[in-house]
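Listed below are the residues making up each chain.
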Amino acid sequence: MSGETTALRDQEGADPRRWKALTVCLVAGFMTLLDVSIVNVALPAIRSGLNAPRSDLQWVVSGYALTFGLALIPAGRFGDMHGRRNVFVLGVVLFTLSSAAAGMAGDPTLLVIARLIQGMAGGVLNPQVSGLIQQLFRGAERGRAFGMLGTVIGFSTAIGPLLGGTLIQLGGGPDAWRLVFYVNVPIGILAVILAYRYIRPPAHGRRPRESMDPVGVLLLALGVVLVLLPFVEGQQWQGAERWPTLFAGLVVLAAFVAWERRYGRHHQPVVDLFLFRRRSYALGALLGTLYFAGFSAIFFILTLYLQNGLGYSALEAGLASTPFAAGSAVAAALSGRTVTRLGRPLVVAGLLLVAAALGVTALAVRLVPGEQVAWAIALPLLLAGLGSGLVISPNQTLTLSEVPVAMAGTAGGVLQTGQRLGTAVGIAAIGSVFFAEVASSRGDYATAFRHSLLVAIAFVLVSLVVAVVDVVTARRAGLR
């Protein structure tokens, strides 16, 4: 009975349109996260359709990731200050227009520019989604809402190759790749209309004027770019030339931390470092960064193995990732209903399942003939997806659980920036192992996939260590 009383108290004064508002946010978030992976299967068609050099193709993918990560924290802070609905709508409008521009691009340079703007727009709107969830929901409902967000994150990443392959096959011809971008336009228009209908504007009156901390924003932006650039340009920067840039980025980020400490004594900094004094936030952000380093790269190397190694079409390669997407969607929805009761041990269980299932996937690739491998890995990928669904949304819920609503956008931006950094590092590290093995083995894609998958498993296991540390320290402190 007490649980029902608490749930009723949590819902008192809640926005009656909150679930509809959440749906709008999730659709827009799905659209931006989908574009991280959907373009991968379209690259061959883009190359032939625009006669694009390999360097431009690299920027079609990496440029999106770079500007996406660059915008997250400043946009989260801006939304906290000026209202999340308007910043959300701005992001959707920019994303829709840049998607249309990408679809109409007549040469590789215009396509790269459109993708840079598209990534920045995605970085503008995504922190507003987690901020609005913090703002609109309380208690167990917040766990359910983050569970739905976790479903979107996992599903969009895994389903991108399938949807991209389907659109290219349906379109046919040299311009079929344009559908990958045009599909965002009607979704974006609908999201803008529904956002104004279902998401309330800020209820507060005039707020005190706050600075956006321009020095902090500049240092953060420069540091993120310098750290990300060596990884997103990993295929072009093969030698030692990447390391000075990475080192410079770390130095700039250290300067950013020093500035934020000083600035925060008298003003509101772009990133309040007190966030990291909360154990749940600090360990959760680290866990998410490490997990995304392993999780996001799986589909990158799987697509390369199936298409380049086994000759699968874009659609067939996309279908092979569907079991992971299905498992992730189901588990994320269920975990959202139980995370407030089970806590971090739920994440530990998910990480164990992911690591074990990926190990079975590597074994299946070793034992099963190439023409049957898609069927052999279907079940272990389903199990890995179920495990992933127990990781992403529960970790996000627990990481943000102690963050004040007024800082929700900034905190969500920092969390997602870590995920983007993890994704870039993971793809660079795992991709390097994959390509090196292909070269040394003279085209043995199966061995390259297995060995690079072991690196992905290593990232998952390190994130498991972080989760176990969180569980142990929480129990010592008398928490759940």
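The sections below set out a description of the structure shown in this document.

## Observations concerning helix α3 (residues 43–50)
Turn by turn, an α-helix covers 3.6 residues, leaving residues three or four places apart pointing in a common direction. What α3 keeps buried is the set Leu43, Ala45, Ile46 and Leu50. Buried residues in α3, looked at end-on, bunch into an arc of 160 degrees, giving them a common side. Structural note: α3 exposes Pro44 and Ser48 on the side pointing more than 90 degrees away from its buried face. Where α3 is buried, its residues touch α4 (54–82), α6 (108–136) and α8 (179–182).

## Re the packing of helix α2 (residues 18–37) against helix α9 (residues 184–198)
α9 packs onto α2 with a crossing angle of 155 degrees between their chain directions and a minimal axis gap of 9 Å. By the angle between their axes, α2 is roughly antiparallel relative to α9. Here α2 runs over α9; the crossing is left-handed. On α9, the residues that touch Lys20, Ala21, Val24, Val27, Met31 and Asp35 of α2 are Asn184, Ile187, Gly188, Ala191, Leu194, Ala195 and Tyr198. Looking at side-chain class alone, the contact of α2 with α9 contains nine nonpolar, two polar and two charged residues.

## Thoughts on the environment of Gln419
Among the structural elements, Gln419 can be located in helix α19 (residues 408–440). When neighbours within four sequence positions are excluded, Gln419 is seen to be in contact with Gly288, Thr289, Phe292 and Gln396.

## Considerations on the environment of Arg366
Looking at the element boundaries, Arg366 is found in helix α15 (residues 344–367). Using a relative accessible area of 56% as the deciding quantity, one classes Arg366 as exposed.

## Topic: the packing of α4 against α6
Axis separation between α4 and α6 bottoms out at 6 Å; the angle between their running directions is 30 degrees. The angle between the axes of α4 and α6 places the two elements in the roughly parallel class. Like other packed secondary-structure pairs, α4 and α6 cross with a definite hand, here right-handed. Classifying every residue of the contact of α4 with α6 gives 15 nonpolar, 10 polar and two charged.

Parameters at a glance
- Residues numbered from 1 in each chain as written.
- Predicted model: local features only at pLDDT ≥ 70, side-chain atom pairs only at ≥ 80, totals over all residues.
- Heavy atoms only, no water.
- Buried < 20%, exposed > 50% of the residue type's maximum accessible area, 1.4 Å probe, protein only.
- Helix = DSSP H or I, 4+ residues; strand = E, 2+ residues; numbered from the N terminus.
- Arc of directions from axis to C-beta.
- Contact = heavy atoms within 4.5 Å.
- Axes fitted to C-alpha atoms, helices over the stretch in contact; angles between N-to-C directions.
- Parallel < 35°, antiparallel > 145°, perpendicular 65-115°, else oblique.
- Left-handed = near helix turned anticlockwise from the far one by under 90°.
- Nonpolar A, V, L, I, M, F, W, Y, C, P; charged D, E, K, R; others polar.

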